[in-house]
Amino acid sequence: MEKIKANLIEHVKSSFPEASATNHDGNRLDFTVKKECIPSILTNFKDILGYIHLSHITCVDWLEEGEFEMIYIVWSPEDKIKIFVRTRVERDNPVMPNIDMIWRQANTYEREFREMYGIQFTGLVGAEEFILEDWDGPPPMRRDFDTEKYAEETFFHRPGREDALDVREEIIKRSLEEIPDYAKKYSR
Amino acid sequence: MIKMINDKNSQKIVDIIQNWSRKHSIWVLAYGTGCGAIEIPPTMTSRYDAERMGVRGAATPRQADVLLITGYLTTKTLKRVLRVYEQMQDPKYVIGFGSCTINGGMYYDSYNTIKVLDKYLPVDVYINGCMPRPEAVLAGFGKLQELIGEGKANGATKYKENLEWYRANQKKVIPTWKRPEYNW
Amino acid sequence: MEFTIYTLLGIIATIVLAFVVGMTYMGLSRKIIARIQNRKGPPVYQNFIDVMKLYSKTTAINHGFMQHVGPAFLMVASIMALMVVPVLNEGRWFGNLNFSGDLVFLLYIMVFGPLGMALGAGQTGNPNSAIGVTRGLSQMVGFEIPWVMALVALMIQFNTTSIVDLLNIQTESGIWLMFSSPFAFIAAVLAMLGMFRYSPFDIVGAPTELASGPVSENGGKYLFTMMSSSSIFAFAKLVLYVDIFMGGAGNLVELLLKTFAIYLIPMLYGAVSPRYRTEQAIRYFWGWPTFFGLLAIIYAVVF
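Rules used in this analysis
- Residues numbered from 1 in each chain as written.
- Chains lettered and ligands numbered in written order.
- Predicted model: local features only at pLDDT ≥ 70, side-chain atom pairs only at ≥ 80, totals over all residues.
- Heavy atoms only, no water.
- Helix = DSSP H or I, 4+ residues; strand = E, 2+ residues; numbered from the N terminus.
- Rg over C-alpha atoms; globule rule 2.2 N^0.38 Å.
- Buried < 20%, exposed > 50% of the residue type's maximum accessible area, 1.4 Å probe, protein only.
- Contact = heavy atoms within 4.5 Å.
- Areas by Shrake-Rupley, 256 points an atom, 1.4 Å probe, with all protein chains shown as cover.
- Buried area = accessible area lost by both parts, 1.4 Å probe.
- Salt bridge = Lys/Arg side-chain N within 4 Å of Asp/Glu carboxyl O.
- Polar contact = N/O pair within 3.5 Å; in protein donor to acceptor, adjacent residues only side chain to side chain.
- Nonpolar A, V, L, I, M, F, W, Y, C, P; charged D, E, K, R; others polar.
- Pairing = 2+ DSSP bridges.
- Axes fitted to C-alpha atoms, helices over the stretch in contact; angles between N-to-C directions.
- pLDDT = per-residue confidence, 0-100.
- Patch = residues over 30% accessible without salt bridge, like charges linked within 9 Å, V, L, I, M, F, W, Y side chains within 5 Å.
- Expected span 1.5 Å × (residues − 1).
- Arc of directions from axis to C-beta.
- Parallel < 35°, antiparallel > 145°, perpendicular 65-115°, else oblique.
- Left-handed = near helix turned anticlockwise from the far one by under 90°.
- Phe/Tyr/Trp six-rings, centres within 6.5 Å; stacked < 30°, edge-to-face > 60°.

Each helix and strand counted, chain A has five helices and seven strands in total. When the helices and strands of chain A are read in sequence order from the N terminus, they spell out α-β-β-α-β-β-β-β-α-β-α-α. A compact globule built from 188 residues would reach a C-alpha radius of gyration of about 16 Å, whereas chain A, at 24 Å, exceeds it by more than 25%. Oriented by its inertia axes, the alpha-carbon framework of chain A measures out at about 75 × 45 × 30 Å. Burial statistics for chain A: of 188 residues in total, 36% are counted as buried. For chain A, the proportion of contacts with a sequence separation of at least 24, taken over those separated by at least 6, is 51%. When the accessible surface of chain A is totalled, it reaches about 11900 Å², and 52% of it is carbon and sulfur.

We now examine the arrangement of the chains. By contact count, the leading pair among the two pairs of chains in contact is chains B and C. At no point do chain A and chain C touch; the closest pair of C-alpha atoms across them sits 24 Å apart.

All right, on to the interface of chain B and chain C then. Listed by partner, the interface residues are 24 residues for chain B and 32 residues for chain C. Buried surface at the junction of chain B and chain C, both sides included, amounts to about 2500 Å², of which 50% is carbon and sulfur. Taken as a group, B:Arg62, B:Gln63 and B:Gln89 account for 25% of the area that chain B buries against chain C, more than any other trio of residues on that side. Here chain B and chain C share five salt bridges between them. The shortest N-O distance in the salt bridge between B:Asp49 and C:Arg39 comes to 3.3 Å. Linking chain B to chain C there are 12 residue pairs in polar contact (both at pLDDT 80 or more). Top contributing element to the side of chain B that touches chain C by residue count: helix H2 (residues 8-23) of chain B, with five residues. Here the residues of the side of chain B that touches chain C sort into six nonpolar, 10 polar and eight charged.

Bringing the sheet that holds strand E1 (residues 20-23) of chain A into the picture now. Whether parallel or antiparallel, the strands of a sheet pair through hydrogen bonds between backbone atoms. Residues and elements named next belong to chain A. Judged by pairing direction, the sheet is mixed, and its five strands sit side by side in the order E1-E2-E5-E4-E3 without closing on themselves. Only two strands of the sheet have a single partner each, and these edge strands are E1 and strand E3 (53-62). For this sheet, the mean inter-axis angle between neighbouring strands, taken without regard to orientation, is 20 degrees. Across nine bridges, the pairing between E3 and strand E4 (residues 67-75) is antiparallel. What sits directly across from leucine 54, in E4, is valine 74. Here helix H1 (residues 2-15) sits on the sheet in contact with E1, strand E2 (28-32) and strand E5 (82-90), set at roughly 10 degrees to E2. Across the sheet, helix H2 (residues 38-48) is in contact with E2, E4 and E5; its angle to E5 comes to roughly 175 degrees.

On to the confidence of the model for chain B, then. Here chain B averages 87 in pLDDT, and 95% of its residues register 70 or above. Taken over the whole predicted complex, pTM reads 0.84, whereas the ipTM for its chain interfaces reads 0.87.

This brings us to a nonpolar patch on the surface. Residues and elements named next belong to chain C. Taken together, the side chains of Met1, Ile5, Leu9, Ile12, Val16 and Val20 present a nonpolar region at the surface, about 600 Å² in accessible area. Mapping leucine 9 onto the fold places it in helix H1 (residues 2-36). Residue class for leucine 9 comes out partly exposed when judged on its relative accessible area of 42%.

On to the interface of chain A and chain B, then. Contacts between the two partners involve 19 residues from chain A and, on the opposite side, 26 residues from chain B. Summed over both sides, the interface between chain A and chain B buries roughly 2000 Å², with carbon and sulfur atoms accounting for 55% of that surface. The three residues of chain A that bury the most area against chain B are A:Phe155, A:Phe156 and A:Arg158, which together make up 36% of that side's buried surface. Applying the counting criterion to the chain A and chain B interface returns three salt bridges. Between B:Arg80 and A:Glu133 there is a salt bridge, with the nearest N and O atoms lying 3.1 Å from each other. Counting the contacts that link chain A with chain B gives seven residue pairs in polar contact (both at pLDDT 80 or more). Considering each element in turn, the side of chain A that touches chain B owes the most residues, five residues, to helix H4 (residues 147-154) of chain A. When its residues are assigned to classes, the side of chain A that touches chain B shows 10 nonpolar, three polar and six charged.

Our focus in this paragraph is H1(A). Residues and elements named next belong to chain A. Under the 1.5 Å per step criterion, the end-to-end length of H1 is 20 Å for 14 residues, consistent within 8% with the ideal 20 Å. Within H1, the full set of buried residues consists of Lys5, Leu8, Ile9 and Val12. The buried residues of H1 all sit within an arc of 100 degrees when viewed along its axis, so they share a single face. Away from its buried face by more than 90 degrees, H1 exposes Lys3, Glu10 and Ser14. Tucked inside the fold, the buried residues of H1 contact E1, E2, H2 and E5.

Relative to the helices and strands, B:Asp65 is located in the loop between strand E2 (55-58) and strand E3 (66-70). Side-chain polar atoms of B:Asp65 contact the side chain of C:Lys57, separated by 2.5 Å. With residues near it in sequence (within four places) discarded, B:Asp65 still touches B:Ser25, B:Ile26, B:Trp27, B:Met88, B:Pro91, B:Lys92, B:Tyr93, C:Lys53 and C:Lys57.

The next subject is the packing of H1(C) against helix H10 (residues 252-271) of chain C. Packed helices, taken two at a time, are described by the angle between their axes plus the distance between the axes. All names here are of chain C. The geometry of H1 relative to H10 is characterised by a closest axis approach of 10 Å and an angle of 40 degrees between their N-to-C directions. With respect to each other, H1 and H10 are oriented oblique. Like other packed secondary-structure pairs, H1 and H10 cross with a definite hand, here right-handed. Contacts between H1 and H10 involve Leu17, Val21, Tyr25, Met26, Leu28, Ser29, Ile32, Ile33 and Ile36 from the former and Leu252, Leu256, Thr259, Phe260, Tyr263, Met267, Leu268 and Ala271 from the latter.

Right, let's talk about the pattern of salt bridges for a bit. All names here are of chain A. Across all of its chains, the model carries 29 salt bridges over all chains by this definition. Where aspartate 144 meets arginine 91, a salt bridge forms, and the shortest distance between an N and an O atom there is 3.7 Å. Note that aspartate 144 is positioned in the loop between strand E7 (120-121) and H4 and arginine 91 in the loop between E5 and strand E6 (95-96), a separation of 53 residues in sequence. Classification of arginine 91 as buried rests on a relative accessible area of 11%.

Residues and elements named next belong to chain A. One pass over the full model with this rule turns up 36 aromatic pairs over all chains. Taking the centre distance of 6.2 Å and the plane angle of 85 degrees together, the rings of tryptophan 135 and phenylalanine 145 count as edge-to-face. Pair noted here: tryptophan 135 is in the loop between E7 and H4 and phenylalanine 145 is in the loop between E7 and H4, with a separation of 10 residues, a long-range link. Overall, tryptophan 135 belongs to the partly exposed group, its relative accessible area being 22%.

All right, on to H2(B) then. Residue and element names in this part refer to chain B. Under the 1.5 Å per step criterion, the end-to-end length of H2 is 22 Å for 16 residues, consistent within 8% with the ideal 22 Å. Taken as a whole, H2 has its buried residues at Asn19, Ser21 and Arg22. An end-on view of H2 places all buried positions within 160 degrees of arc, on one side of the element. The exposed residues of H2 that point more than 90 degrees off its buried face are Lys12, Ile13 and Ile16.

Residues and elements named next belong to chain A. In terms of strand pairing, E1 meets E2 through four bridges, oriented antiparallel. Bridging across to E2, serine 20 finds its partner in threonine 32. Counted along the chain from E1 to the antiparallel partner E2, the turn is four residues long, and its residue glycine 26 has a positive phi close to 75 degrees. Relative to E5, E2 is paired through five bridges, and the arrangement is parallel. Across the sheet, phenylalanine 31 pairs through a bridge with valine 85, a residue of E5.

What follows deals with the environment of B:Gly105. Mapped onto the elements, B:Gly105 comes out in the loop between helix H5 (100-103) and strand E5 (125-127). Between the C-alpha atom of B:Gly105 and that of B:Lys115, which follows or precedes it by 10 residues, the distance is 7.8 Å.

Dropping the structure here:
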């Protein structure tokens, strides 16, 4: 396993000299590249090295650093190694290259990011509305969108709701209450 | 003879017979709107039989009596549920299932679900729990039967009389939707 | 004059009897199927309550004049089919309006009902109803073939097309037609499974199939008409079977026992079998039942 990983790191560094690699225990491997190299490095993985399975694409919101981080996870059924390919995009006007000509399922992932995070993909084809209908607020999955404040303003609330009670105190309080007759046969 | 037919006592007798027949035969629309719909099949099948109360599933809104709102309602589903509710024939009832219809439940801070169902649709009976067990569901149907028998399950007439208020509330969450004019 | 009054009262009494008995049998079938599935079912009079509730709906929604036509045709076809079948052997009541060309007339009337419903369902504009109606009519093509072959075999064997003659032949010879022309009986019973629209041939009206097919836009009083007409029609078919194959009935108690015995066959078979698709159903009907029908015709011609 370690030999395979060392071979991989050497191969990738020879084609992409700016990539940086991190080795983790077991079957995980990380690469960090610039965002323009993403289509070529993923094509490299898929066609040449045999990493044919795109497992997941996800996005992390680094609010303090002002960047989004996109992570692509690929897997090879022969080597059985998970490779995380990471890039950073700036947060103000994020534009990423489109990879749905390599794997078709990336189309769905990218439409979700366009709706939930506001990231634009060049040449992405698909309807504007993905899951939310008639949504005209900010992209909801960003960390600076306060969902509780938004929900308080838009919807009616029923008064008298108590939240964030301590579980142990409540259990003690309720175990001292009177059990009604019909529930006696179910209590311990 | 005409006086005998039109007086209040005979209207009361007709009401008693009609309410008795509506009480013992309730047809539930087979439409699961949220995650509470997973408690409906155990209630309707062999172990906690709901058919002995006369409750059975109906396929289309034109044939159904009761609309079960099981769980949370997003604004996207609310549009469809309103359309389904207005297609049903009087007298119709709405049962709110689970704590998400009462005060928002688990999704009280979500940007997309409605918190209080009562402002958008007239609700007759609430069943609380997350999810309520089949025994609780049967108790809810029993309460609905009691209300029908006394003639107090009037959600549909309340909707017709206060249509403007309900429409204003619905427009707040679904801003761009044209509704037809009704001539009830 | 007396004769006409008795006939008219007899007609009204027959319709009421058919409605009550048909609804009770449907309620009984729900109870029996529930007990087979290890639960208690609804009470036996549950169908009456359903029908009363449907009648007392206060708003009505319709899509035009042709939608009234569907349930009306169904009701008219059921009552006409009921009128032609003699319910009891002797006696002035329940003799009905039978005449000597009965069986052929009955074969035409039985197809008339679903045709009218097709017109009504087309007017609503709901695509579910259109597909449901197509399925129902194609299934009818399936089971009509063995049913017609069985009746034609009987007509050839006894040289008559009147039900009263068949009844008289059975009382004279003392043997039921069930035993003296067995292949016709087998073919007719296999066709009966398709006629009653229980499993495995209930793809037309089941609530989980295409939102209950042709009935999907009808609620309230239309549904009341459809349910009552289906129960009247079921009673007419059961009495037809009892008259042709089991020697008729002398009094009401014997009639109820014999019709219930025949009714058990599709109900119990339906409680344990899954649903066929339309092409599987037609393939089934053009297999063994048609074979038995052909055997029945050959038996009738040769013997």
